[in-house]
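Geometric and topological summary
For reference, the chains in residue letters:
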Protein chains: 2
Amino acid sequence: MVTRSEIKYIQSLGDKKARDQDGVVVAEGDKIVTELLNESPLQIKKIYATQHWISDNGHLIPDACTVAALEEEELQKLSFLVSPPSVIALVLKPNPPSVNTVHGISLLLDQIQDPGNLGTIIRTCDWFGVSQIVCSADTADAFNPKVIQSSMGSVFRVPISYTDLNQFIQQHPTVPLYAALLDGQPITNVQCKKPCFLLVGNESRGVSEKLLRSGVQKITIPRVGKAESLNAAVASAILLSWLSQSAT
Amino acid sequence: MVTRSEIKYIQSLGDKKARDQDGVVVAEGDKIVTELLNESPLQIKKIYATQHWISDNGHLIPDACTVAALEEEELQKLSFLVSPPSVIALVLKPNPPSVNTVHGISLLLDQIQDPGNLGTIIRTCDWFGVSQIVCSADTADAFNPKVIQSSMGSVFRVPISYTDLNQFIQQHPTVPLYAALLDGQPITNVQCKKPCFLLVGNESRGVSEKLLRSGVQKITIPRVGKAESLNAAVASAILLSWLSQSAT
């Protein structure tokens with residue numbers, strides 16, 4: 001059984017304000033939740049799942065976590081997905097990483113607004129071992145249920161913080177900054193040294209002019225065909241694959 | 001004014017069956033429609049647009065095309081988008097290309113089911129000048145309104161066909177076939193010769209075993225981090241960027 005107030009509470013976690021207030025986020029689906037239980041130090045407060053899921057996975061659930069067995073129709077009422085998942089978990093949000101020390105490749109995101117794109121970018125960063133993602137304050141929230149879903153749970157593994165990007169860039173004047181632009185040097189010719197920053201901008205407006213400090217290295221993905229631009233998640237992925245390959 | 005039967009007809013074009021029967025597809029939004037008018041040989045049968053859009057763009061519209069001036073609320077009723085576009089066009093579907101001759105890089109898609117992913121892949125192919133996309137019969141339809149939208153109109157520029165992929169591969173035994181798999185040779189070390197085929201599989205199941213003919217070259221994107229897989233559109237994009245760079 002799930003109460004009306006529980007349904008209301010979980011649905012409220014679709015809003016950033018409620019998530020930030022309680023420090024709680026919603027993870028859905030067997031893959032994401034079992035990974036959290038198996039591998040993550042994050043605390044899971046409560047699990048709502050089918051009896052079948054609980055029978056299969058009950059041994060993974062720590063004692064401190066409350067479990068509610070629900071029917072599929074009840075799970076559907078709690079879920080942000082189109083098809084009801086077999087399990088939904090309320091997870092304590094990870095603390096943002098300290099952004100004072102940098103190592104490896106950090107991805108800087110300027111105004112990425114599409115949740116699906118942001119989730120895909122986080123998943124790609126997890127694949128390439130990006131050390132952290134630093135987002136402008138107006139980038140979509142990484143703990144939006146849609147972002148969690150499209151990140152396939154990578155949001156719980158990759159350190160992500162929100163800050164004034166301009167200030168962040170100024171605070172690290174000696175770290176090479178590569179900015180994705182249409183008129184830069186071909187990424188296929190770039191040799192980068194770690195630590196470094198890769199800066200990717202908004203889907204339609206690109207990188208904000210004010211972030212292009214002197215010494216910035218403009219980079220681009222060579223185009224052969226006719227598309228005017230690439231999807232932000234696709235552009236980030238291509239640039240990360242080349243940077244992580246060339247980086248020394 | 002738009003009649004009820006027109007609304008019903010346009011909404012029916014959300015289904016592949018109706019699109020195939022009439023050979024008509026729906027293009028929405030200023031960017032996609034003006035590009036079609038400016039650059040494409042495709043025939044536009046009818047345009048529904050705000051008076052404002054018609055005043056700005058009327059000179060682009062050929063005489064054979066009917067134009068209806070509508071209020072925003074009426075356009076919303078016709079549209080497949082969340083926010084009403086300023087223009088909607090009914091376009092004659094391009095003929096599928098002949099797949100008998102191959103040149104450059106052809107992308108072979110096996111069971112790509114997510115329309116957003118398919119659209120993003122088509123847009124990326126347009127960027128990299130991929131010569132054609134050959135889809136398995138169970139891949140999402142390229143002229144689904146969601147695919148058209150996420151392709152940003154590239155679907156009207158890149159030749160796309162649907163066929164039995166296994167048969168297609170067998171018909172071109174001498175063309176090198178690169179298949180995206182988790183256990184292949186790192187793409188960063190591959191030198192490919194054109195013409196060639198890049199085969200990318202389903203989001204969760206990967207490439208079908210039956211398509212891996214003898215002599216197939218398995219390729220992979222080197223992983224540093226912990227994500228189990230990459231989004232199909234992201235993986236296609238990274239592989240295309242490396243293949244198109246190394247290709248001779």
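Within any chain, residue numbers begin from 1 and follow the written order of that chain's sequence. Whichever chain is written first becomes A and whichever ligand is written first becomes 1, with later ones labelled in order. Local features in this predicted model are restricted to residues whose pLDDT is 70 or higher, and side-chain atom pairs enter the listing and the counts only when it is 80 or higher, whereas totals over whole chains, interfaces and linings include all residues. Calculated side-chain values reflect all of the structure's heavy atoms, with hydrogen atoms and water omitted.

1. Observations concerning the relation of the copies chain A and chain B
Once chain A is rotated about the relating axis by 180° and shifted along it by 0.0 Å, it coincides with chain B to within an RMSD of 0.0 Å. Between the two chains, the operation in question is that of a two-fold axis. Both copies contact each other with a shared surface, as 100% of the interface residues of chain A are interface residues in chain B too. The least-squares superposition of copies is restricted to C-alpha atoms, and to residues with a pLDDT of at least 70 in both copies. By the convention used here, residues are in contact when the closest approach between their heavy atoms is within 4.5 Å.

2. A short note on the domain arrangement of chain A
Residues and elements named next belong to chain A. A domain assignment, automatic or from a database, supplies the domain bounds used here. When the domains of chain A are assigned, the result is domain 1 (4–92) and domain 2 (105–246). Computed from C-alpha atoms alone, the centre-to-centre distance between domain 1 and domain 2 is 30 Å. Taken together, the contact between domain 1 and domain 2 spans 17 residues of the former and 10 residues of the latter. When two components associate, each loses some accessible surface as probed by a 1.4 Å sphere; the sum of these losses over both components is called the buried area. Together domain 1 and domain 2 conceal approximately 1,100 Å² of surface at their shared face, both sides included; 64% is due to carbon and sulfur atoms. Three residues stand out in domain 1 for area buried against domain 2, namely Arg19, Val25 and Ile32, and they jointly supply 37% of the buried area on that side.

3. Notes on the nonpolar core
Grouping buried Ala, Val, Leu, Ile, Met, Phe, Trp, Tyr and Cys residues that are joined through side-chain atoms within 4.5 Å yields what is termed a nonpolar core. A 1.4 Å probe rolled over the protein chains alone gives each residue an accessible area, and that area as a share of the maximum for its type sets the label: buried under 20%, exposed over 50%, partly exposed in between. Ranked by internal contacts, the top residues of the largest apolar core, which has 124 residues, are Ile47(A), Phe156(A), Ile47(B) and Phe156(B). Contacts of Ile47(A), omitting those with residues within four sequence positions, involve Val33(A), Leu37(A), Trp53(A), Ile61(A), Cys65(A), Thr66(A), Val67(A), Ala68(A), Val87(A), Ile88(A) and Ala89(A).

4. Structural notes on the packing of helix H6 (residues 115–128) of chain B against helix H9 (residues 232–246) of chain B
All names here are of chain B. Axis geometry follows a simple rule: fit a line to the C-alpha atoms, using only the stretch in contact for helices, then measure angles between N-to-C directions, giving values from 0 to 180 degrees. Helix numbering and strand numbering both begin at the N terminus, where a helix is a DSSP run of H or I of at least 4 residues and a strand a DSSP run of E of at least 2. Running from N to C, H6 and H9 point in directions that differ by 15°, and their axes come no closer than 9 Å. By the angle between their axes, H6 is roughly parallel relative to H9. When the axes of H6 and H9 are compared, the crossing they make is right-handed. Two secondary-structure elements touch here, H6 through Asn117, Thr120, Ile121, Thr124, Cys125 and Phe128 and H9 through Ala232, Ala233, Ser236, Ala237, Leu240, Ser241 and Ser244. Here the word oblique covers every angle except those under 35 degrees (roughly parallel), over 145 (roughly antiparallel) and from 65 to 115 (roughly perpendicular). Here a crossing is called left-handed whenever its near helix is offset anticlockwise from the far helix by less than a right angle, and right-handed whenever the offset is clockwise.

5. Looking at the interface of chain A and chain B
In this assembly, 31 residues from chain A lie in contact with 31 residues from chain B. Area buried by chain A at its contact with chain B is led by Arg123(A), Trp127(A) and Trp242(A), which between them contribute 27% of it. Two N or O atoms form a polar contact when they lie within 3.5 Å of each other; inside protein one atom must be a possible hydrogen donor and the other a possible acceptor, and for residues adjacent in sequence the pair counts only when both atoms belong to side chains. Our enumeration of links across chain A and chain B arrives at 18 residue pairs in polar contact (both at pLDDT 80 or more). Tallied by class, residues from the side of chain A that touches chain B come to 13 nonpolar, 10 polar and 8 charged. Under the convention adopted here, Pro, Cys and the residues Ala, Val, Leu, Ile, Met, Phe, Trp and Tyr are nonpolar, Asp, Glu, Lys and Arg are charged, and Gly plus all remaining residues are polar.

6. Quick notes on the sheet that holds strand E4 (residues 87–92) of chain A
Residues and elements named next belong to chain A. Strand pairing is assigned whenever DSSP identifies at least 2 bridges connecting the two strands. Pairing is mixed in the open sheet, where 4 strands are placed in the order E1-E4-E2-E3. Each edge of the sheet is formed by a strand with only one pairing partner; in this case those strands are strand E1 (24–28) and strand E3 (66–69). This sheet shows a mean twist of 15° between the axes of neighbouring strands, independent of strand direction. Bridge analysis of strand E2 (residues 44–49) against E3 gives 4 bridges, and the strand direction is parallel. Each bridged residue has a counterpart across the sheet, and for Lys46 the counterpart in E3 is Thr66. Its contacts with the sheet put helix H1 (residues 4–12) on E1, E2 and E4, and the angle it makes with E2 is roughly 115°. The strands that helix H3 (residues 30–39) touches are E1, E2 and E4; relative to E1, the one it contacts most, it runs at about 120°.

7. Details of the pairing of strand E8 (residues 177–186) of chain B
Residues and elements named next belong to chain B. Judged from the 3 bridges that link them, E8 and strand E9 (residues 196–200) form a sheet pairing that is parallel. By the bridge assignment, Ala179 is partnered in E9 with Leu199. Inspection of the sheet shows E8 paired to strand E10 (residues 217–220) by 5 bridges, in the parallel sense. Looking at the pairing, Tyr178 lines up with Gln217 of E10.

8. As for unusual backbone geometry
A cis amide bond, omega -5°, links Lys194(A) with the succeeding residue Pro195(A). You can see Pro195(A) is positioned in the loop between strand E8 (177–186) and strand E9 (196–200). For Gln111(B), which is not glycine, the phi torsion reads 60° and is therefore positive. Structurally, the position occupied by Gln111(B) is in the loop between strand E5 (105–109) and H6. The backbone phi angle of Met152(B) is positive, close to 55°, even though this residue is not glycine. The topology assignment puts Met152(B) in the loop between helix H7 (145–150) and strand E7 (160–163). For Met152(B), a relative accessible area of 30% gives the class partly exposed.

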